[in-house]
Amino acid sequence: MRPGLLGLLLMAFAVLPAMAAPALRVSHPRCESAVDPAGVDVTAPRLSWQVVSAERGQRQTAWQVRAASSTALLLAGTPDLWDTGKVSGSETLHQPYDGRPLQSSQTVHWQVRAWDVRDEPSAWSDPARWTMGILTEADWQARWIRSPVPGHNPLFRRSFQAWPGLRRALVHVCGLGHYELRINGVKAGDEVLSPGWTQYRDTTLYETRDVTSLVAAGENVIGVILGNGMFHVERPAGRFAKFVGSHGALRVIAQLRLEYADGTVEWVGTDPDWRTREGPIVFSSIYGGEDYDARRNPTGWDLPGYEARDWTPAVVVDDASLATLKGHSRSAEPVRPIETRAPTRVRELGPGAVLYDFGQNASFMPRLVVSGPAGSTVRLTPGELVQADGTIHRGTMGGAERGSAWWQYTKATDGAETWFPQFYYIGSRYVYAELLPAGPAGGDGTRPRIDRLEMVIVHSAARPVGHFASSDPMLGRIRDLVRWAQRSNMVSILTDCPHREKLGWLEQNHLNGPSLRYEFDLTRLASKNIHDMADAQTPEGLVPNIAPEYTVFRGAFRSAAEWGAAFIHVPWQQYLFTGDRALLQEHYAAMTRYFSYLESRASDGVLAEGLGDWYDHVLGTPGRAKLTPPNVTATAFFFQDAEVLADIAGVLGRSADEERYRRRAVEIRQAFRRAFVEGRAPGQLGSGSQTSLALALAMGLLEGSERPSVLAALIRDLETRGHATSGAAGFRSLLQALVQHDRSDLIHWLATQDSKPGYAFQVKQGGTTLAESWSAQSGASQNHFFLGQIIEWFYKDVAGIRPDPAAPGFKRMFIRPDPVPALIWAEATYDSVRGHVAVRWERSEGGLQLEVSIPANTEAVVQLPSRAGAEILEGGAPAREQPGIRHLGREGERELFSIGSGTYAFVVRP
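The rules behind the values
Residues numbered from 1 in each chain as written. Predicted model: local features only at pLDDT ≥ 70, side-chain atom pairs only at ≥ 80, totals over all residues. Heavy atoms only, no water. Helix = DSSP H or I, 4+ residues; strand = E, 2+ residues; numbered from the N terminus. Expected span 1.5 Å × (residues − 1). Buried < 20%, exposed > 50% of the residue type's maximum accessible area, 1.4 Å probe, protein only. Salt bridge = Lys/Arg side-chain N within 4 Å of Asp/Glu carboxyl O. Pairing = 2+ DSSP bridges. 1 Å grid on protein atoms, 1.4 Å probe; cavity = no way out; pocket = protein on both sides within 12 Å on 5 of 7 lines; lining within 4 Å. Points joined across faces, edges and corners; volume = space filled by probe spheres on them. Nonpolar A, V, L, I, M, F, W, Y, C, P; charged D, E, K, R; others polar. Contact = heavy atoms within 4.5 Å. Phe/Tyr/Trp six-rings, centres within 6.5 Å; stacked < 30°, edge-to-face > 60°. Lys NZ or Arg CZ within 6 Å of the ring centre and 35° of its normal. Core = buried A, V, L, I, M, F, W, Y, C linked by side-chain atoms within 4.5 Å.

What follows is about helix α6 (residues 523–536). An ideal rise of 1.5 Å per residue puts 20 Å on 14 residues; α6 measures up with 20 Å between its terminal C-alpha atoms. Burial runs high along α6: 13 of the 14 residues are buried.

And the structure:
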């Protein structure tokens, strides 16, 4: 919008306020960080919204929420549950419900409006809703049931009657390991791999679904299919598994609530009246694959009219090995099909062997359409890489000596059949298809034919929130490389790889936390991950390296400080990005227990319980840290843990604790300096590695006089080698150290040089996802995101979008762009919890142009790089004279301005 036109509009608002449209509108109503959530299992759900305006400096000065038991009551202005009236205040996040007490399974409809700076009310927001879960144990009208025959993937069914006048059908359900719910032959919902993985002895998740549209008057059938998931992992001959372990027999609990217009409520709950039998899934493993024999599928089993006399009564589960069920409060977004891809190349390898190349390494499940004789079989073996003969190279996915993994489908008829697996996904690019004729007793040797094979990409439905682009197309390709790895590893936990591990290794949660948050709304997934860590914490206070802890590793592979630091840092990052203190408050005591555990393991302030700089780069020798030993990295993170705990204690008003942790940070810093800094030449600090130098610089472990020489040693090493050697624990600090010393030019060079291991090197080699090692050698995973910290640099540094810890949740933000010399322009957008943030800068003969847009109800400090005395314009006039802008002075090589919400166009003259 041109400044002149904006001025005219502002005058119109001032002269004719009664005729003007409201300056503020309310959007994005959310309950417990979700849109229209179901299964809310807290008695005072927290409500949030955004306010939107095209005016500069607009903000909320007051708000009103009303809630009702129906949309009709809400829209009529007669809310029967809650009406706050006009409440003064600018906060739009995490407002707790304080109306009439809520009941299990209840649906609440709500709206919000806001008053602007002129005390004018907005229109009411569109109606939103939330549906309650189960609030007390006594509200469960169902029991856990299982098959009386262990060791298979069972089907369960129950027929029930629904009468005319049905108003709502709501189901609360959990099936372990994974389940699929069906009503009258139709799958309820599009989610896969439900429910989310948890530490089952502490937390088990149920889901709440409105299934009204699936229920008809008369006879109905509710059915459940179960698969093993992480609940039961076995390793039969020839099939891969990362570990072996079981939580017992597969089981299900479900209760269907039928509400009628006359107020009658009926229940259909799991009990011994349900019937069960073995299903068509003859093998199910989260690691080894899924085999489906369509001949064993009882046609119509989930439809009314099916005769189930030969089915066996279900058995009530009588052990108490599972914790109390939890709903929305402990869950993340579901895993869903996100997109579908056709193969980019199909290669016939010989009789009955076909290689499908989908052109992208991704987490997926196949959709198969197959023709051919009954009893014939299609086996689909996935892989990230292929051998010269087209067969799958298993070296990146667990190794051929540890078994393979595949999907297998056996046909039931002679016609075309469609299959989509239910309980197995994997990360890969290729599918090797084997077409096998029916056995000797059932066929003439004719092979089946694949009519269509598609890659259905599945991962967390967490909302994408970021965009970044620049004049260097290689940065865009690097972003794609990392982003695909992020997507592939976002399920109900953050896995480190989607094929051989599928475990929640924790170092990436905090070291890649900001990189993930700039790309996706990580609020609920991060919250769930912290609850998983709390559940996995041992009585001694240890937070193990993986959470949930499905298998117990030995030594530092269970107790590395660089990994466990996530338990402290992720809640702090959540607070910075969302303004929400909930994780800090709920888990503060557990965080302090973890820190006490670290203290008990330290000797004279030095902590050696770590894995070092995992996957640092020494040509040809990946894996365990080669360049930076555990005592350097573990002690550095020990120090940083103390600093962040002090910050958390300060936010929570625990002044004595804050002082204690500040003191401990000083003591650990002194210990680090004694052990690794004092008496050493700059290039020999720690182990002399890039990570040793970068940790000391980035974490503030040096005195001011030491910094120049240590920085020079780091730069010298980088320029001599021509690539980064830092691994999973150190690379973020390497980036931070260079940014702190205005060397983003060096970061750009490291990222884009393609002759030595690094990001551009992987792109040049044809990689489509970020690999586990900088050189992407064939023995390492081709789909890891733990080296993807460059994404944070794109948004926070190149574009310059940063939260302010003093006003978290982007209530106030810093816009501090770094115009990297090799770039002509760069742009980024970020959908914060308070609204849309956009930044674009471009260099031209006329100077540096910076366009900034920040949402209503927020403010920003714009830090413009400029020479002293440079002419700075905004909207074509001197910036200091423009409305909504306040000059704050000069800091270093930057001019600082405070701005309110709105859109601004700055120019810094050369």
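Attention shifts here to the pattern of salt bridges. With the rule as written, the count across this model stands at 64 salt bridges. A salt bridge links E659 to R663; its shortest N-O distance comes to 3.6 Å. Pair noted here: E659 and R663 are both in helix α11 (residues 655–676), with a separation of 4 residues, about one helical turn. Residue class for E659 comes out exposed when judged on its relative accessible area of 53%. Judged by its relative accessible area of 44%, R663 is partly exposed. One salt-bridge network, in which partners are shared between bridges, spans D190, E191, E207, R209 and R336.

This next bit is on the sheet that holds strand β14 (residues 186–187). One open sheet accounts for 6 strands, arranged β14-β13-β17-β11-β22-β25; its pairing is antiparallel. With partners counted over all chains shown, the strands left at the sheet margins are β14 and β25 (312–313), one partner each. Alignment of strand β13 (residues 178–183) against strand β17 (residues 218–227), held across 6 bridges, turns out to be antiparallel. Residue pairing across strands places Y179 opposite L226, the latter belonging to β17.

Turning our eyes to something else, we now look at empty space enclosed by the protein. Per the stated rule, a full pass over the model turns up 6 cavities of 30 Å³ or more. Empty space within the largest cavity amounts to approximately 80 Å³. Around the largest cavity sit 13 residues that line it, and A724, F731, L750, A751 and W774 are the ones nearest its centre. The set of elements that each furnish at least two residues to the lining of the largest cavity consists of α14 (731–740) and α15 (744–752). Broken down by element, the residue count for the lining of the largest cavity peaks at 3 residues, all from α15. Of the residues belonging to the lining of the largest cavity, the class tally is 10 nonpolar, 3 polar and no charged. In this model, the second largest cavity occupies a volume close to 60 Å³. In terms of lining, the second largest cavity is formed by R732, L735, Q736, V739, Q789, E792, W793, K796 and D797.

Examined against the element boundaries, V386 turns out to sit in strand β32 (residues 385–386). In this structure, the C-alpha to C-alpha distance between V386 and C174, residues 212 residues apart in sequence, is 39 Å. The residues touching V386, leaving out its near neighbours within four places in the chain, are L355, T391, I392, H393 and Y430.

Each full turn of the α-helix corresponds to 3.6 residues, which orients residues three or four apart in the same direction. With 22 residues, helix α10 (residues 630–651) ought to run about 32 Å at 1.5 Å a step, and its terminal C-alpha atoms sit 31 Å apart, in line with that. Counting buried positions over the 22 residues of α10 gives 16, a clear majority of the element. Where α10 ends, the next residue or the one after it, G653, has phi of about 75°, a positive value.

A few words on the packing of aromatic side chains. Tallied over the entire structure, the rule returns 39 aromatic pairs. Between Y904 and F906, the aromatic rings sit 6.3 Å apart at their centres with planes inclined by 15°, giving stacked as the arrangement. Each of the two residues, Y904 as well as F906, counts as buried. Clustering of aromatic rings is evident, with ring pairs tying together F468, Y518, F577, W793, F794, Y795, F810 and Y830. If you follow R394 out to its NZ or CZ, it ends over the ring of F240, 5.5 Å from the centre.

Moving on to the nonpolar core. Counting residues in each nonpolar core, the largest one holds 205 residues, and the members touching the most others are I790 and F906. The dominant element in this core, judged by the number of residues it contributes, is α10, at 13 residues. Ignoring any residue separated from it by four or fewer positions in sequence, one finds I790 in contact with I478, V482, S515, L735, I747, A751 and Y759. I281, V370, L453 and I457 belong to the second largest nonpolar core, which has 33 residues in total.

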